[in-house]
Amino acid sequence: MERTYEHMERIGIVAKSKTGGELPEVLAALVRWLQTRGLRPALESETGRRLGHAARLPLVELAAQTEMLIVLGGDGTLLSVARTIGGRDVPILGVNLGGLGFLTEVALEQLYPALERILAGEYLVDHRMMLKARIHRAGECIAEHSVLNDVVFNKSALARIFALEVMVDGVYLTTFQADGLIVSTPTGSTAYSLSAGGPIIYPSLASILLTPICPHTLTNRPIILPVESTIRVTLRSQHRDVFLTLDGQVGFTFLEGDTATVGRSEHTVPIIRSPFKSYFEVLRTKLKWGER
């Protein structure tokens, strides 16, 4: 789903926590640029502390009190922001400060031209679907999280393969004997799932992707499921080196008999499209399609 937003006055700014180098100068210049256009910039607490800026707020409050968030960093920074703000309907402009970025589509040198277009109302917002994962142990829910990219079951480097029983809408699918399993959104199809041999899914297609990691049975292949599916994954191995990770940033030990239930979240993440690149151009650039 896509739509435009209007009447932006207060702009939130979040920067990657460990980024150094020229970042203070970039932040200071961005704040001045916004102020000269009559806008009121506010910075996330840690970002503002590094700059010494007076108008700073915790991230959740920043999302509640602004009309747009500018996220400076990489895809990991944007994933962290998306998970923390918990479904706030504030559009996010992802600005790539280096490295491979599918979510942070706008390069730093394109920041001000992109902002000019956005302030003129010449932009679109994609509402990216999220997944909600609930982890149960001994019949009790021990954790619940929403993710933009993926829920991953994997093992430590030296551990043997393990067995994951998978049910879809209460119907048995299979038991994967593998190094792991990825449950991802279309947005997450270009993340870990892609490295594991999964297909690329256009971000606006409502679906859920299951991708086994190095399956013992070579006939196990990725499968795309309807978006309203509920996936139930249970560990059927006596194994203490299995981990469940959420967007690659939050993790739990996954024990024998533990179950994760994954389905579509009620939240979406509004991401501003780059005014200068189509999704296919992003793919060609990031994946170097057509290069020799």
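Up top is the structure these notes are about.
Conventions adopted
- Residues numbered from 1 in each chain as written.
- Predicted model: local features only at pLDDT ≥ 70, side-chain atom pairs only at ≥ 80, totals over all residues.
- Heavy atoms only, no water.
- Core = buried A, V, L, I, M, F, W, Y, C linked by side-chain atoms within 4.5 Å.
- Buried < 20%, exposed > 50% of the residue type's maximum accessible area, 1.4 Å probe, protein only.
- Contact = heavy atoms within 4.5 Å.
- Helix = DSSP H or I, 4+ residues; strand = E, 2+ residues; numbered from the N terminus.
- Polar contact = N/O pair within 3.5 Å; in protein donor to acceptor, adjacent residues only side chain to side chain.
- Salt bridge = Lys/Arg side-chain N within 4 Å of Asp/Glu carboxyl O.
- Axes fitted to C-alpha atoms, helices over the stretch in contact; angles between N-to-C directions.
- Parallel < 35°, antiparallel > 145°, perpendicular 65-115°, else oblique.
- Left-handed = near helix turned anticlockwise from the far one by under 90°.
- Nonpolar A, V, L, I, M, F, W, Y, C, P; charged D, E, K, R; others polar.
- 1 Å grid on protein atoms, 1.4 Å probe; cavity = no way out; pocket = protein on both sides within 12 Å on 5 of 7 lines; lining within 4 Å.
- Points joined across faces, edges and corners; volume = space filled by probe spheres on them.

Turning next to unusual backbone geometry. Only a minority of non-glycine residues have a phi that is not negative, and only a minority of peptide bonds are not trans. The phi torsion at Ala-138 lies on the positive side, around 55 degrees, for a residue other than glycine. Phi is positive for Asp-247, close to 55 degrees, though the residue is something other than glycine.

Moving on, we come to the nonpolar core. With 28 residues, the main nonpolar core has Val-151, Phe-153 and Phe-254 as its most contacted residues. Ignoring anything within four residues of it in the chain, the contact list for Val-151 reads Ala-133, Leu-181, Ile-182, Val-183, Leu-244, Thr-245, Leu-246 and Val-262. In terms of nonpolar packing, the next biggest core, distinct from the first, is built from 25 residues, Ile-13, Leu-27, Leu-43 and Tyr-123 among them.

Structurally, the position occupied by Thr-268 is in strand β19 (residues 259–272). The exposure class assigned to Thr-268 is partly exposed, which follows from its relative accessible area of 29%. Note: C-alpha distance between Thr-268 and Ile-92 (176 residues apart in sequence) is 12 Å. If we ignore the near neighbours within four places in the chain, the residues touching Thr-268 are Gly-87, His-127, Arg-128, Met-129 and Met-130. Here His-127 takes part through its side chain, which lies 3.3 Å from a polar atom of the side chain of Thr-268.

It is worth spelling out the pattern of salt bridges at this point. Applying the stated criterion across every chain yields a total of 13 salt bridges. Of the charged contacts in the structure, one is a salt bridge between Asp-179 and Lys-155, with a shortest N-O distance of 3.8 Å. Of the two residues, Asp-179 is situated in the loop between β12 (171–178) and β13 (180–184) and Lys-155 in strand β10 (residues 150–155); the sequence distance between them amounts to 24 residues. Overlapping salt bridges, with partners in common, bring together Lys-132, Arg-134, Glu-144 and Glu-266 in one network.

It is the contact of helix α1 (residues 23–36) with helix α5 (residues 111–119), at a shortest axis distance of 12 Å, that shows an interaxial angle of 25 degrees. Considering the angle they form, α1 stands roughly parallel to α5. Taken as a pair, α1 and α5 cross one another with a handedness that is right-handed. Contact with α1, carried on its side by Val-26, Ala-29, Leu-30 and Trp-33, involves Leu-111, Tyr-112, Leu-115, Glu-116 and Leu-119 of α5 and no other residues of that element. Grouping the amino acids of the contact of α1 with α5 by side-chain chemistry returns eight nonpolar, no polar and one charged.

Before going further, it helps to spend a moment on the layout of surface pockets. Each pocket or cavity is described by its volume, and for the largest pocket that value is around 260 Å³. Lining the largest pocket we find 17 residues, and of these Asp-75, Asn-149, Thr-190, Ala-191 and Tyr-192 sit closest to its centre. Looking at the lining of the largest pocket, the elements that each hand over two or more residues are α4 (75–85), β10 and α6 (192–195). Counting residues per element, the lining of the largest pocket draws most heavily on α6, at three residues. Those elements giving two or more residues to the lining of the second largest pocket turn out to be β2 (10–15) and α4. In terms of residue count, the dominant contributor to the lining of the second largest pocket is α4 (four residues). Across the lining of the second largest pocket, the residue classes tally to four nonpolar, four polar and four charged.

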